[in-house]
Amino acid sequence: MSDFDWGIIARSSAFLAEGMALSALLVLVATVGGLILGFGLALMRLSSHWLLSVPASTYVTVMRTLPLVLVLFWFYFLVPLVIGRPVGSLASALLAFVLFEAAFYCEIVRAGISNVRNGQSDAGLATGLRRAQVLRLIILPQALRAMMPLILNQIVIVFQDTSLVYVVSLHDFLTAASVVASRDGRATEMYALVALVYLAICLGTTKAAEFYRKGLPT
Amino acid sequence: MIVIEDVHKSYGNQHILRACSATVSLGEVVVVCGPSGSGKSTLIKCINGLVPFERGTITVDGVSVSSPKTDLPALRSRIGMVFQSFELYPHMTALQNVSLAQIHVLKRSRAEADARSEKILARVGLGDKRDSRPSQLSGGQQQRVSIARALAMDPQAMLFDEPTSALDPEMINEVLEVMQELALEGMTMMVVTHEMGFAQRVADRVLFMDRGQIVEDTPKAQFFTAPVSERARQFLTNVLTH
């Protein structure tokens, strides 16, 4: 093992931390923004009015068939064209992530809401609650429980997908590590570190999802 | 109190209700029976607008259910409803189930609502279950909580949609007893049920439905001794012989 130089990790830690911060920012914005937008899309898809449901389901279908890399590229080149000035790769990447993830969160939210029995909403309505109240007080709390493991799972996927931002020359954690790896010729050490970090974060989140599911009252 | 006039309802080209007319007066207990698929549940759900209908009118206390001008939530808050499958909110305790609409519809304070809920839970014999979740209660207990949830709104009338059909036999009586007590106190009730014993004890009138039509609307005594329609006679023979 004498050929390995694990000190490289300590020496490049500031640069790696910057990459990790970007990854974390992307995950956070994509999850929060994606959930909010996805929630709206899900309500539209569930609407009985086609003017709401058709655009939403078209959006979701299109987004889900596109590779994320393509969406990242698109926004990088398209957004400046639309608004007439460059926006920088970070802003376009954040926007792309939010709009892309919204399609997936829409499906998660929709499945969660559809899973709640119809009778629950009848019961709420029968007591005089309004539709919005039924949704907020009765349907969503139940839907959220069903959705939690799926949301955590999606966060793991988003985290893994953040490495794709290298195409718009952003340095996420993986990209930062690979920069160090090729600059200093320390590929083994850096990629071992990357693998361990991804493993820890993804396994941790998956375990949290399992733990959450087990803790649910039946 | 409840006036149903010439109500029609169809899903696609399947007629669920045809020309249904009936009246439930203040303080009356009307039992609706008939073979499954005859439209009983649909009819009772039309009364508080949970199921829309195409033709005819239903008025509750003079207010039309189907008129677009009607404040449907306000109307529903005055009619209690109990479902076959209880439909308690699984993420709330018994007390929270009973308090929810009091707080959000009647705008009672939480303390006020909870005090009322406790009283009503005690009245249906579940004073000690206030902090239990629905999943920790038996079917009979769940159905009594759902009756309490409806009563907490101080309804002018109660609708029951096969309240004992999902219950194990040994739990049916505890629910029927609560309903019987309500009837004796003068509550206006419309009850879809196969429990002919209950009908015999507390009903004023019996509606018999078959294939979407009300084929019999007679006082209880006559229904059990001399039903008008052949279909009702058959039904009674089948139901009462075992």
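Residues numbered from 1 in each chain as written. Chains lettered and ligands numbered in written order. Predicted model: local features only at pLDDT ≥ 70, side-chain atom pairs only at ≥ 80, totals over all residues. Heavy atoms only, no water.

## Some points on the overall build of chain B
Line of reasoning, step 1. Counting secondary structure elements, chain B contains nine helices and ten strands.
Line of reasoning, step 2. Taken against the 2.2 N^0.38 rule, which gives 18 Å for 242 residues, the C-alpha radius of gyration of chain B at 18 Å falls within 12% of a compact globule.
Line of reasoning, step 3. Projected onto its principal axes, the C-alpha coordinates of chain B cover approximately 55 × 45 × 35 Å.
Line of reasoning, step 4. Residues classed as buried in chain B amount to 57% of the 242 residues present.
Line of reasoning, step 5. In the form shown here, chain B has an accessible surface area of approximately 10,100 Å², with 48% of it arising from carbon and sulfur atoms.
Line of reasoning, step 6. Of note, chain B has its 25 positive side-chain charges centred 4 Å away from the centre of its 27 negative side-chain charges. (Helix = DSSP H or I, 4+ residues; strand = E, 2+ residues; numbered from the N terminus. Rg over C-alpha atoms; globule rule 2.2 N^0.38 Å. Buried < 20%, exposed > 50% of the residue type's maximum accessible area, 1.4 Å probe, protein only. Areas by Shrake-Rupley, 256 points an atom, 1.4 Å probe, with all protein chains shown as cover. Lys, Arg positive; Asp, Glu negative; His and termini not counted. Charge placed at Lys NZ, Arg CZ, Asp CG, Glu CD.)

## Here we look at unusual backbone geometry
Residue and element names in this part refer to chain B.
Line of reasoning, step 1. Positioned with a positive phi, E87 is a non-glycine residue whose angle comes to about 55°.
Line of reasoning, step 2. Backbone geometry places D154, a non-glycine residue, at a positive phi of 50°.
Line of reasoning, step 3. Turning to its location among the elements, D154 is positioned in the loop between α5 (139-151) and β7 (157-161).

## Regarding the pairing of strand β10 (residues 213-219) of chain B
Line of reasoning, step 1. As paired elements, strand β9 (residues 205-210) of chain B and β10(B) share six bridges and run antiparallel to each other. By the bridge assignment for β10(B), V206(B) is matched with T218(B). (Pairing = 2+ DSSP bridges.)

## Examining the UniProt feature "transmembrane region" (unreviewed entry) in chain A
All names here are of chain A.
Line of reasoning, step 1. The feature "transmembrane region" (unreviewed entry), as given by UniProt, occupies residues 20-44, 65-83, 89-113 and 190-209 in the numbering adopted here.
Line of reasoning, step 2. Regarding residues 65-83, the helix share stands at 89% and the strand share at 0%, and the terminal C-alpha atoms are separated by 26 Å.
Line of reasoning, step 3. Taken end to end, residues 89-113 comprises 100% helix and 0% strand; its first and last C-alpha atoms sit 35 Å apart. (UniProt positions renumbered as here; feature names shortened; annotations may be inferred.)

## Considerations on the sheet that holds strand β4 (residues 55-60) of chain B
Adjacent strands of a sheet pair through backbone hydrogen bonds, lying either parallel or antiparallel.
All names here are of chain B.
Line of reasoning, step 1. The strand order across the open sheet built from four strands is β2-β1-β4-β5, with neighbouring strands paired in antiparallel fashion. A strand with exactly one partner marks an edge of an open sheet, and here the two such strands are β2 (14-24) and β5 (63-64).
Line of reasoning, step 2. Across two bridges, β4 lies against β5 in antiparallel orientation. Its bridge partner lying in β5, T59 is registered against S64.
Line of reasoning, step 3. Set on the sheet, helix α1 (residues 40-47) makes contact with β1 (2-11), β2 and β4; between it and β2 the angle comes to about 60°. (Contact = heavy atoms within 4.5 Å. Axes fitted to C-alpha atoms, helices over the stretch in contact; angles between N-to-C directions.)

## As for the environment of A208(A)
Line of reasoning, step 1. Within the secondary structure, A208(A) sits in helix α9 (residues 187-215).
Line of reasoning, step 2. It is 10.0 Å that separates the C-alpha atoms of A208(A) and M148(A), two residues lying 60 residues apart in sequence.

## With respect to the sheet that holds strand β8 (residues 188-192) of chain B
Residue and element names in this part refer to chain B.
Line of reasoning, step 1. An order of β6-β7-β8-β3-β9-β10 is seen for the six strands of this open sheet, with the pairing classed as mixed. Among the strands making up the open sheet, the edge pair consists of β6 (79-82) and β10. Each neighbouring strand pair of the sheet contributes to a mean axis angle of 15°, computed without reference to strand direction.
Line of reasoning, step 2. Across four bridges, the pairing between β6 and β7 is parallel. Looking at the pairing, G80 lines up with M158 of β7.
Line of reasoning, step 3. Packing against the sheet, helix α9 (residues 230-240) makes contact with β3 (29-33), β9 and β10, and its axis sits at approximately 100° to β9.

## What to know about the UniProt feature "domain: ABC transmembrane type-1" (unreviewed entry) in chain A
Line of reasoning, step 1. UniProt tags residues 20-209 of chain A as "domain: ABC transmembrane type-1" (unreviewed entry).
Line of reasoning, step 2. Between the C-alpha atoms that bound residues 20-209 of chain A the distance is 22 Å, and the span itself is 85% helix and 0% strand.

## As for the packing of helix α6 (residues 118-126) of chain A against helix α7 (residues 131-161) of chain A
All names here are of chain A.
Line of reasoning, step 1. At a minimum axis separation of 9 Å, α6 and α7 run at an interaxial angle of 140°. Regarding the angle of α6 to α7, the classification is oblique. In terms of crossing hand, the pair formed by α6 and α7 is right-handed. Mapping the contact onto sequence places Q120, S121, G124 and L125 in α6 and R131, V134, I138, I139 and Q142 in α7.
Line of reasoning, step 2. Taken together, the residues of the contact of α6 with α7 sort by class into four nonpolar, four polar and one charged. (Parallel < 35°, antiparallel > 145°, perpendicular 65-115°, else oblique. Left-handed = near helix turned anticlockwise from the far one by under 90°. Nonpolar A, V, L, I, M, F, W, Y, C, P; charged D, E, K, R; others polar.)

## Describing the pattern of salt bridges
Line of reasoning, step 1. On inspection of all chains with the given rule, the structure shows 22 salt bridges over all chains.
Line of reasoning, step 2. Linking D184(A) and R183(A) is a salt bridge whose minimum nitrogen-to-oxygen distance equals 2.9 Å.
Line of reasoning, step 3. According to the relative accessible area criterion, R183(A) is exposed, its value standing at 54%.
Line of reasoning, step 4. For D131(B), the salt bridge is made with R130(B), and the minimal N-O distance between the two is 3.3 Å.
Line of reasoning, step 5. By relative accessible area, D131(B) is classed as exposed at 53%. (Salt bridge = Lys/Arg side-chain N within 4 Å of Asp/Glu carboxyl O.)

## Some remarks on the interface of chain A and chain B
Line of reasoning, step 1. Contact residues are listed per partner, giving 20 residues for chain A and 26 residues for chain B.
Line of reasoning, step 2. Carbon and sulfur atoms make up 57% of the surface buried where chain A meets chain B, a total of about 1,800 Å² over both sides.
Line of reasoning, step 3. Three residues stand out in chain A for area buried against chain B, namely A126(A), T127(A) and L137(A), and they jointly supply 27% of the buried area on that side.
Line of reasoning, step 4. Connecting chain A to chain B are two salt bridges.
Line of reasoning, step 5. The salt bridge involving E87(B) is made with R117(A); its shortest N-O contact spans 2.7 Å.
Line of reasoning, step 6. Taken together, the connections running from chain A to chain B amount to seven residue pairs in polar contact (both at pLDDT 80 or more).
Line of reasoning, step 7. When residues of the side of chain A that touches chain B are traced back to their parent elements, those giving at least two are α6 and α7 of chain A.
Line of reasoning, step 8. Split by residue class, the side of chain A that touches chain B holds seven nonpolar, eight polar and five charged. (Buried area = accessible area lost by both parts, 1.4 Å probe. Polar contact = N/O pair within 3.5 Å; in protein donor to acceptor, adjacent residues only side chain to side chain.)

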